[in-house]
Amino acid sequence: MSGLKPGGRPKLTSCHRIIAAHRFLTGFTLSAATHTASPSMIAQVIASDMDAVNAVIRKKLYSDVSLVNQIAEYIISAGGKRIRPTLVLLMANAYGYQGTYHHELAAVVEFIHTATLLHDDVVDESSMRRGRETANALFGNAASVLVGDFLYSRAFQMMVSVNDMQVMRILADATNVIAEGEVLQLLNMHDPDVTEERYLQVIRSKTAKLFEAAGQLGALLGKASEQEIEAAAEYGRSLGTAFQLIDDVLDYSGNSSDIGKNVGDDLREGKPTLPLIYLMQHGTEEQRSLVRNCIIQGDEEHFEQILAAVTQSGALQYTKQAAEQAAQKAAAAIQSLPDSQYKDCLLQLCTAAVSRDR
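All values derive from a computational prediction rather than experimental measurement.

Colleague: Provide a residue-level description of the overall build of the protein, including the pertinent values.
Modeller: Looking only at helices and strands, one finds 18 helices and two strands in the protein. Per-residue burial over the protein gives 57% buried out of 358 residues. Contacts spanning at least 24 positions in sequence make up 78% of the contacts within the protein whose residues lie at least 6 apart. A total accessible area of about 14,900 Å² is found for the protein, and carbon and sulfur atoms account for 51% of it.

Colleague: Residue-level account of the pattern of salt bridges, with values.
Modeller: Counted according to the given criterion, the structure contains 18 salt bridges. Where Arg292 meets Asp193, a salt bridge forms, and the shortest distance between an N and an O atom there is 3.1 Å. On the criterion of sequence distance, the pair formed by Arg292 in helix α15 (residues 285–297) and Asp193 in the loop between α9 (165–188) and α10 (196–221) is long-range, its members being 99 residues apart. The class of Asp193 is partly exposed, set by a relative accessible area of 47%. For the salt bridge of Arg204 with Glu197, the shortest nitrogen-to-oxygen distance reads 2.5 Å. Residue classification places Arg204 among the partly exposed positions, given a relative accessible area of 37%.

Colleague: Which residues make up the side chain of Arg82, and what values go with them?
Modeller: Here Arg82 lies in the loop between α4 (66–77) and α5 (83–94). For Arg82, a relative accessible area of 12% translates into the label buried. Of the polar contacts made by the side chain of Arg82, one reaches the side chain of Glu110; its length is 3.2 Å.

Colleague: Residue-level account of the nonpolar core, with values.
Modeller: Counting 93 residues, the largest nonpolar core has Leu90, Met91, Leu171, Tyr235 and Leu346 as the members making the most contacts within it. In contact with Leu171, other than residues within four places in its own chain, are Leu105, Val108, Val109, Ile112, Phe156, Met159 and Leu217. Among the nonpolar cores identified, the runner-up in size contains 18 residues, and Leu279, Ile295, Leu307 and Ala315 belong to it.

Colleague: Break down the packing of helix α11 (residues 226–253) against helix α14 (residues 274–282) for me, citing the residues and quoting the values.
Modeller: Where α11 meets α14, the axes come as close as 8 Å, and the angle between the chain directions of the two elements is 75°. Taken together, α11 and α14 sit at an angle that is classed as roughly perpendicular. Seen from α11, the contacting residues are Leu245, Asp248 and Tyr252; seen from α14, they are Leu274, Pro275 and Leu276.

Colleague: So what about the confidence of the model for the protein? Which residues, and what values?
Modeller: For the protein, per-residue confidence averages 85 on the pLDDT scale, and residues scoring 70 or more make up 85% of the total. Counting contacts from residues 256–261, a segment whose pLDDT is below 50, to residues more than four positions away or on other chains yields 18 contacts.

Colleague: Lay out helix α18 (residues 341–355) in plain terms, naming residues and giving numbers.
Modeller: Over its 15 residues, α18 extends 21 Å from the first C-alpha to the last, a length consistent with the 21 Å expected when each residue adds 1.5 Å. Counting buried residues along α18, 13 of its 15 residues qualify, which places the element largely inside the surrounding structure. One side-chain oxygen at the N-terminal end of α18 lies 3.2 Å from the backbone nitrogen of Tyr342; it belongs to Ser340.

Colleague: Describe the packing of aromatic side chains, listing the residues and the values that go with them.
Modeller: Inspection of every chain in the model, using the stated rule, returns four aromatic pairs. When the ring of Tyr252 is compared with that of Phe303, the centres are 5.8 Å apart and the planes differ by 15°; the resulting orientation is stacked. One end of the pair, Tyr252, is in helix α11; the other, Phe303, is in helix α16 (residues 303–312), with 51 residues separating them in the sequence. Taken individually, Tyr252 and Phe303 each receive the classification buried, so the pair is uniform in this respect.

Colleague: How would you sum up the packing of helix α6 (residues 101–124) against α9? Please name residues and give values.
Modeller: The description of two packed helices rests on the angle between their axes and on the distance between the axes. One can describe the packing of α6 onto α9 by two numbers: an axis separation of 12 Å at closest approach and a directional angle of 15°. In terms of their interaxial angle, α6 and α9 are classed as roughly parallel. Seen from above, α6 lies across α9 with right-handed handedness. On α9, the residues touching Leu105, Val108, Val109, Ile112, Thr116, Asp120, Val123 and Asp124 of α6 are Val167, Leu171, Thr175, Ile178, Glu182, Gln185 and Leu186. For the contact of α6 with α9, the class distribution of residues is nine nonpolar, three polar and three charged.

About the thresholds
- Residues numbered from 1 in each chain as written.
- Predicted model: local features only at pLDDT ≥ 70, side-chain atom pairs only at ≥ 80, totals over all residues.
- Heavy atoms only, no water.
- Helix = DSSP H or I, 4+ residues; strand = E, 2+ residues; numbered from the N terminus.
- Buried < 20%, exposed > 50% of the residue type's maximum accessible area, 1.4 Å probe, protein only.
- Contact = heavy atoms within 4.5 Å.
- Areas by Shrake-Rupley, 256 points an atom, 1.4 Å probe, with all protein chains shown as cover.
- Salt bridge = Lys/Arg side-chain N within 4 Å of Asp/Glu carboxyl O.
- Polar contact = N/O pair within 3.5 Å; in protein donor to acceptor, adjacent residues only side chain to side chain.
- Core = buried A, V, L, I, M, F, W, Y, C linked by side-chain atoms within 4.5 Å.
- Axes fitted to C-alpha atoms, helices over the stretch in contact; angles between N-to-C directions.
- Parallel < 35°, antiparallel > 145°, perpendicular 65-115°, else oblique.
- pLDDT = per-residue confidence, 0-100.
- Expected span 1.5 Å × (residues − 1).
- Phe/Tyr/Trp six-rings, centres within 6.5 Å; stacked < 30°, edge-to-face > 60°.
- Left-handed = near helix turned anticlockwise from the far one by under 90°.
- Nonpolar A, V, L, I, M, F, W, Y, C, P; charged D, E, K, R; others polar.

Set out below in C-alpha coordinates:
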(Lines give C-alpha, C1' and ligand atoms only; values in the text may rest on other atoms or scores of the structure.)
Protein backbone atom coordinates (compact mmCIF):
# COMPACT_ATOMS: atom_id res chain seq x y z
CA MET A 1 0.00 0.00 0.00
CA SER A 2 1.87 3.07 -1.21
CA GLY A 3 2.66 5.85 1.22
CA LEU A 4 1.37 4.08 4.37
CA LYS A 5 3.67 3.33 7.26
CA PRO A 6 4.18 -0.36 7.93
CA GLY A 7 1.45 -1.82 10.11
CA GLY A 8 1.63 -5.49 11.03
CA ARG A 9 -0.41 -7.17 13.74
CA PRO A 10 1.69 -7.11 16.91
CA LYS A 11 0.39 -7.81 20.41
CA LEU A 12 -2.09 -5.09 21.39
CA THR A 13 -1.33 -3.04 24.47
CA SER A 14 -3.49 -0.87 26.75
CA CYS A 15 -3.56 2.91 27.08
CA HIS A 16 -3.14 3.98 30.71
CA ARG A 17 -4.19 7.62 30.59
CA ILE A 18 -7.85 8.69 30.81
CA ILE A 19 -8.98 11.71 28.83
CA ALA A 20 -11.94 13.90 29.61
CA ALA A 21 -14.10 11.87 27.24
CA HIS A 22 -17.30 13.13 25.76
CA ARG A 23 -20.57 12.13 27.38
CA PHE A 24 -21.44 9.54 24.76
CA LEU A 25 -18.46 7.36 25.65
CA THR A 26 -19.17 7.45 29.37
CA GLY A 27 -22.81 8.33 29.80
CA PHE A 28 -24.59 5.00 29.50
CA THR A 29 -25.14 1.81 31.46
CA LEU A 30 -23.72 -1.36 29.94
CA SER A 31 -25.29 -4.72 30.64
CA ALA A 32 -22.79 -7.19 32.05
CA ALA A 33 -24.48 -9.88 29.99
CA THR A 34 -23.45 -8.14 26.79
CA HIS A 35 -19.73 -8.00 27.42
CA THR A 36 -17.37 -7.07 30.23
CA ALA A 37 -16.24 -3.58 29.19
CA SER A 38 -16.75 -0.81 31.72
CA PRO A 39 -18.58 2.37 30.64
CA SER A 40 -15.36 4.38 30.53
CA MET A 41 -13.35 1.75 28.68
CA ILE A 42 -13.45 3.42 25.27
CA ALA A 43 -12.18 6.70 26.67
CA GLN A 44 -9.34 4.89 28.43
CA VAL A 45 -8.32 2.75 25.50
CA ILE A 46 -8.07 5.54 22.93
CA ALA A 47 -6.88 8.27 25.31
CA SER A 48 -3.54 9.00 23.71
CA ASP A 49 -4.88 8.50 20.19
CA MET A 50 -7.72 10.96 20.73
CA ASP A 51 -5.30 13.51 22.16
CA ALA A 52 -3.28 13.16 18.96
CA VAL A 53 -6.41 13.54 16.81
CA ASN A 54 -7.42 16.69 18.66
CA ALA A 55 -3.92 18.07 18.10
CA VAL A 56 -4.25 17.40 14.36
CA ILE A 57 -7.66 19.08 14.31
CA ARG A 58 -6.32 22.19 16.01
CA LYS A 59 -3.35 22.40 13.68
CA LYS A 60 -5.30 21.83 10.47
CA LEU A 61 -8.12 24.22 11.39
CA TYR A 62 -5.82 27.20 11.00
CA SER A 63 -6.43 29.61 8.14
CA ASP A 64 -5.05 33.03 7.30
CA VAL A 65 -8.67 34.19 7.08
CA SER A 66 -9.81 35.08 10.58
CA LEU A 67 -13.50 34.36 10.01
CA VAL A 68 -12.66 30.83 8.92
CA ASN A 69 -10.76 30.32 12.17
CA GLN A 70 -13.56 31.83 14.21
CA ILE A 71 -16.40 29.72 12.79
CA ALA A 72 -14.43 26.49 12.50
CA GLU A 73 -13.22 26.87 16.07
CA TYR A 74 -16.76 27.62 17.24
CA ILE A 75 -18.29 24.44 15.88
CA ILE A 76 -15.33 22.13 16.62
CA SER A 77 -15.02 23.41 20.21
CA ALA A 78 -18.70 22.61 20.79
CA GLY A 79 -17.53 19.06 21.24
CA GLY A 80 -19.87 16.44 19.93
CA LYS A 81 -19.64 12.70 20.25
CA ARG A 82 -16.52 12.23 18.09
CA ILE A 83 -17.97 8.82 17.27
CA ARG A 84 -16.67 8.71 13.69
CA PRO A 85 -13.03 9.42 14.56
CA THR A 86 -13.40 7.02 17.47
CA LEU A 87 -14.41 4.33 14.99
CA VAL A 88 -11.31 4.98 12.82
CA LEU A 89 -9.05 4.71 15.86
CA LEU A 90 -10.63 1.56 17.28
CA MET A 91 -10.76 -0.29 13.97
CA ALA A 92 -7.15 0.58 13.09
CA ASN A 93 -5.96 -0.59 16.50
CA ALA A 94 -8.12 -3.71 16.32
CA TYR A 95 -6.08 -4.69 13.24
CA GLY A 96 -2.80 -3.85 14.93
CA TYR A 97 -1.92 -0.65 13.08
CA GLN A 98 1.07 1.12 14.67
CA GLY A 99 1.65 4.19 12.52
CA THR A 100 0.14 7.66 12.89
CA TYR A 101 -2.02 7.99 9.81
CA HIS A 102 -5.07 6.90 11.79
CA HIS A 103 -4.83 10.22 13.64
CA GLU A 104 -4.81 12.13 10.38
CA LEU A 105 -7.70 10.17 8.88
CA ALA A 106 -9.75 10.37 12.07
CA ALA A 107 -9.41 14.15 11.84
CA VAL A 108 -10.35 14.06 8.15
CA VAL A 109 -13.54 12.16 8.97
CA GLU A 110 -14.40 14.66 11.70
CA PHE A 111 -13.82 17.58 9.32
CA ILE A 112 -16.13 16.03 6.72
CA HIS A 113 -18.76 15.44 9.39
CA THR A 114 -18.44 19.00 10.67
CA ALA A 115 -18.78 20.39 7.15
CA THR A 116 -22.02 18.46 6.71
CA LEU A 117 -23.32 19.87 10.00
CA LEU A 118 -22.65 23.42 8.85
CA HIS A 119 -24.47 22.81 5.58
CA ASP A 120 -27.29 20.85 7.25
CA ASP A 121 -28.06 23.63 9.69
CA VAL A 122 -28.35 26.14 6.86
CA VAL A 123 -30.65 23.90 4.82
CA ASP A 124 -32.76 23.01 7.87
CA GLU A 125 -32.72 26.57 9.24
CA SER A 126 -31.69 25.11 12.59
CA SER A 127 -31.00 27.41 15.51
CA MET A 128 -29.52 24.99 18.07
CA ARG A 129 -26.92 22.24 17.95
CA ARG A 130 -24.89 20.65 20.72
CA GLY A 131 -26.65 22.89 23.20
CA ARG A 132 -25.53 26.13 21.58
CA GLU A 133 -26.63 28.44 18.80
CA THR A 134 -25.81 27.03 15.40
CA ALA A 135 -23.06 28.70 13.40
CA ASN A 136 -25.57 29.93 10.83
CA ALA A 137 -27.70 31.52 13.55
CA LEU A 138 -24.63 33.28 14.93
CA PHE A 139 -22.58 34.10 11.82
CA GLY A 140 -25.12 33.88 9.00
CA ASN A 141 -25.87 31.35 6.28
CA ALA A 142 -23.30 32.54 3.75
CA ALA A 143 -20.38 32.33 6.17
CA SER A 144 -21.47 28.90 7.42
CA VAL A 145 -21.73 27.43 3.92
CA LEU A 146 -18.35 28.81 2.89
CA VAL A 147 -16.58 27.60 6.03
CA GLY A 148 -18.18 24.21 5.44
CA ASP A 149 -16.57 24.30 2.00
CA PHE A 150 -13.25 25.17 3.63
CA LEU A 151 -13.50 22.13 5.91
CA TYR A 152 -14.32 19.86 2.97
CA SER A 153 -11.36 21.13 0.96
CA ARG A 154 -9.02 20.94 3.97
CA ALA A 155 -10.13 17.35 4.50
CA PHE A 156 -9.16 16.52 0.92
CA GLN A 157 -5.77 18.20 1.36
CA MET A 158 -5.19 16.01 4.41
CA MET A 159 -6.27 12.77 2.77
CA VAL A 160 -3.89 13.39 -0.14
CA SER A 161 -1.02 13.57 2.34
CA VAL A 162 -1.61 9.91 3.21
CA ASN A 163 -0.63 9.12 -0.40
CA ASP A 164 -2.87 6.12 -0.91
CA MET A 165 -5.39 5.87 -3.72
CA GLN A 166 -7.69 3.51 -1.84
CA VAL A 167 -7.96 5.96 1.05
CA MET A 168 -8.82 8.75 -1.38
CA ARG A 169 -11.36 6.57 -3.18
CA ILE A 170 -13.14 5.66 0.05
CA LEU A 171 -13.38 9.26 1.19
CA ALA A 172 -14.21 10.70 -2.23
CA ASP A 173 -17.00 8.15 -2.68
CA ALA A 174 -18.28 8.83 0.82
CA THR A 175 -18.52 12.58 0.37
CA ASN A 176 -20.31 12.12 -2.95
CA VAL A 177 -22.86 9.70 -1.47
CA ILE A 178 -23.40 12.01 1.50
CA ALA A 179 -24.17 14.87 -0.88
CA GLU A 180 -26.66 12.64 -2.70
CA GLY A 181 -28.22 11.79 0.64
CA GLU A 182 -28.64 15.47 1.43
CA VAL A 183 -30.48 15.97 -1.86
CA LEU A 184 -32.65 12.89 -1.24
CA GLN A 185 -33.58 14.24 2.16
CA LEU A 186 -34.46 17.58 0.60
CA LEU A 187 -36.76 15.79 -1.84
CA ASN A 188 -38.39 13.92 1.04
CA MET A 189 -39.09 17.01 3.12
CA HIS A 190 -42.77 17.93 3.40
CA ASP A 191 -43.67 14.73 1.54
CA PRO A 192 -46.07 12.62 3.63
CA ASP A 193 -45.90 9.75 1.13
CA VAL A 194 -42.26 8.87 1.85
CA THR A 195 -41.93 5.11 2.39
CA GLU A 196 -39.79 3.39 4.99
CA GLU A 197 -37.40 2.21 2.26
CA ARG A 198 -37.00 5.72 0.86
CA TYR A 199 -36.26 7.00 4.32
CA LEU A 200 -33.74 4.26 5.08
CA GLN A 201 -32.01 5.11 1.80
CA VAL A 202 -31.49 8.64 3.11
CA ILE A 203 -30.03 7.27 6.35
CA ARG A 204 -27.68 4.94 4.49
CA SER A 205 -26.46 7.80 2.30
CA LYS A 206 -26.51 10.79 4.61
CA THR A 207 -25.46 9.28 7.93
CA ALA A 208 -24.32 5.68 7.67
CA LYS A 209 -21.94 6.27 4.74
CA LEU A 210 -19.40 8.22 6.80
CA PHE A 211 -19.56 5.58 9.56
CA GLU A 212 -18.91 3.01 6.83
CA ALA A 213 -15.92 4.96 5.52
CA ALA A 214 -14.51 5.32 9.04
CA GLY A 215 -14.62 1.56 9.54
CA GLN A 216 -13.06 0.89 6.14
CA LEU A 217 -10.22 3.35 6.74
CA GLY A 218 -9.28 1.82 10.07
CA ALA A 219 -9.25 -1.69 8.65
CA LEU A 220 -7.33 -0.55 5.56
CA LEU A 221 -4.61 1.03 7.67
CA GLY A 222 -4.26 -2.23 9.60
CA LYS A 223 -3.65 -4.13 6.35
CA ALA A 224 -6.88 -6.08 6.65
CA SER A 225 -8.00 -8.32 3.82
CA GLU A 226 -10.67 -7.21 1.35
CA GLN A 227 -13.18 -9.41 3.17
CA GLU A 228 -12.22 -7.85 6.50
CA ILE A 229 -12.46 -4.33 5.07
CA GLU A 230 -15.97 -5.11 3.82
CA ALA A 231 -16.88 -6.45 7.27
CA ALA A 232 -15.62 -3.21 8.79
CA ALA A 233 -17.72 -1.31 6.26
CA GLU A 234 -20.81 -3.34 7.22
CA TYR A 235 -20.11 -2.65 10.87
CA GLY A 236 -19.96 1.09 10.17
CA ARG A 237 -23.07 1.10 7.96
CA SER A 238 -25.16 -0.75 10.51
CA LEU A 239 -23.83 1.23 13.47
CA GLY A 240 -24.54 4.51 11.66
CA THR A 241 -28.06 3.34 10.85
CA ALA A 242 -28.70 2.43 14.49
CA PHE A 243 -27.31 5.77 15.61
CA GLN A 244 -29.59 7.78 13.30
CA LEU A 245 -32.69 5.77 14.18
CA ILE A 246 -32.14 6.51 17.86
CA ASP A 247 -31.76 10.18 16.93
CA ASP A 248 -35.22 9.88 15.37
CA VAL A 249 -36.58 8.46 18.62
CA LEU A 250 -34.94 11.17 20.72
CA ASP A 251 -36.49 13.90 18.59
CA TYR A 252 -39.82 12.82 20.08
CA SER A 253 -38.77 11.49 23.47
CA GLY A 254 -35.57 13.30 24.43
CA ASN A 255 -34.85 16.45 26.37
CA SER A 256 -33.49 19.49 24.54
CA SER A 257 -30.77 20.08 27.13
CA ASP A 258 -29.63 16.46 26.81
CA ILE A 259 -29.77 15.97 23.04
CA GLY A 260 -28.37 19.44 22.33
CA LYS A 261 -31.03 20.48 19.83
CA ASN A 262 -34.65 21.50 19.91
CA VAL A 263 -36.99 18.57 20.46
CA GLY A 264 -39.45 18.46 17.58
CA ASP A 265 -37.06 19.93 15.02
CA ASP A 266 -37.77 17.09 12.59
CA LEU A 267 -41.48 17.88 12.64
CA ARG A 268 -40.87 21.60 12.24
CA GLU A 269 -38.65 20.90 9.23
CA GLY A 270 -41.27 18.64 7.65
CA LYS A 271 -39.05 15.55 7.85
CA PRO A 272 -40.97 12.26 7.63
CA THR A 273 -38.71 10.20 9.90
CA LEU A 274 -39.42 6.57 10.79
CA PRO A 275 -41.71 7.23 13.80
CA LEU A 276 -43.96 9.36 11.61
CA ILE A 277 -43.84 6.91 8.70
CA TYR A 278 -44.88 4.10 11.06
CA LEU A 279 -47.68 6.22 12.50
CA MET A 280 -48.91 7.03 9.00
CA GLN A 281 -49.12 3.28 8.30
CA HIS A 282 -50.58 2.07 11.60
CA GLY A 283 -52.35 5.01 13.21
CA THR A 284 -56.00 5.94 13.17
CA GLU A 285 -57.46 7.90 10.30
CA GLU A 286 -57.47 10.98 12.49
CA GLN A 287 -53.81 10.48 13.42
CA ARG A 288 -52.80 9.90 9.81
CA SER A 289 -54.56 13.08 8.75
CA LEU A 290 -52.85 15.06 11.52
CA VAL A 291 -49.39 13.70 10.65
CA ARG A 292 -49.93 14.29 6.94
CA ASN A 293 -50.84 17.94 7.47
CA CYS A 294 -47.99 18.50 9.93
CA ILE A 295 -45.41 17.07 7.51
CA ILE A 296 -46.73 19.13 4.60
CA GLN A 297 -46.84 22.35 6.61
CA GLY A 298 -43.86 21.78 8.92
CA ASP A 299 -46.29 22.29 11.78
CA GLU A 300 -44.76 22.04 15.26
CA GLU A 301 -47.75 23.57 17.00
CA HIS A 302 -49.32 20.12 17.19
CA PHE A 303 -46.14 18.51 18.52
CA GLU A 304 -47.75 17.33 21.77
CA GLN A 305 -50.53 15.59 19.84
CA ILE A 306 -48.02 13.97 17.51
CA LEU A 307 -45.88 12.91 20.47
CA ALA A 308 -48.87 11.27 22.15
CA ALA A 309 -49.75 9.51 18.90
CA VAL A 310 -46.28 8.13 18.15
CA THR A 311 -46.02 6.93 21.75
CA GLN A 312 -49.44 5.26 21.86
CA SER A 313 -49.09 3.68 18.42
CA GLY A 314 -45.81 1.96 19.23
CA ALA A 315 -43.94 3.99 16.60
CA LEU A 316 -41.08 4.85 18.96
CA GLN A 317 -40.78 1.24 20.08
CA TYR A 318 -40.77 0.09 16.45
CA THR A 319 -38.03 2.57 15.57
CA LYS A 320 -35.93 1.53 18.56
CA GLN A 321 -36.32 -2.13 17.62
CA ALA A 322 -35.11 -1.30 14.11
CA ALA A 323 -32.10 0.43 15.69
CA GLU A 324 -31.41 -2.60 17.88
CA GLN A 325 -31.52 -4.89 14.85
CA ALA A 326 -29.03 -2.65 13.05
CA ALA A 327 -26.74 -2.62 16.10
CA GLN A 328 -26.88 -6.42 16.28
CA LYS A 329 -25.95 -6.59 12.61
CA ALA A 330 -22.98 -4.32 13.29
CA ALA A 331 -21.79 -6.53 16.15
CA ALA A 332 -22.16 -9.66 14.03
CA ALA A 333 -20.02 -8.13 11.27
CA ILE A 334 -16.92 -8.01 13.47
CA GLN A 335 -17.24 -11.29 15.33
CA SER A 336 -14.26 -12.69 13.42
CA LEU A 337 -11.96 -9.95 14.72
CA PRO A 338 -9.31 -11.27 17.12
CA ASP A 339 -10.26 -10.71 20.75
CA SER A 340 -8.82 -7.49 22.12
CA GLN A 341 -9.81 -4.45 24.13
CA TYR A 342 -10.44 -2.67 20.81
CA LYS A 343 -12.94 -5.29 19.68
CA ASP A 344 -14.64 -4.99 23.07
CA CYS A 345 -14.91 -1.25 22.53
CA LEU A 346 -16.36 -1.68 19.05
CA LEU A 347 -18.99 -4.01 20.50
CA GLN A 348 -19.61 -1.55 23.28
CA LEU A 349 -20.35 1.15 20.71
CA CYS A 350 -23.21 -1.02 19.42
CA THR A 351 -24.73 -1.11 22.89
CA ALA A 352 -24.13 2.60 23.41
CA ALA A 353 -25.74 3.57 20.11
CA VAL A 354 -29.13 2.20 21.15
CA SER A 355 -29.08 2.77 24.91
CA ARG A 356 -28.17 6.46 24.86
CA ASP A 357 -30.50 9.28 25.83
CA ARG A 358 -28.56 12.09 24.12
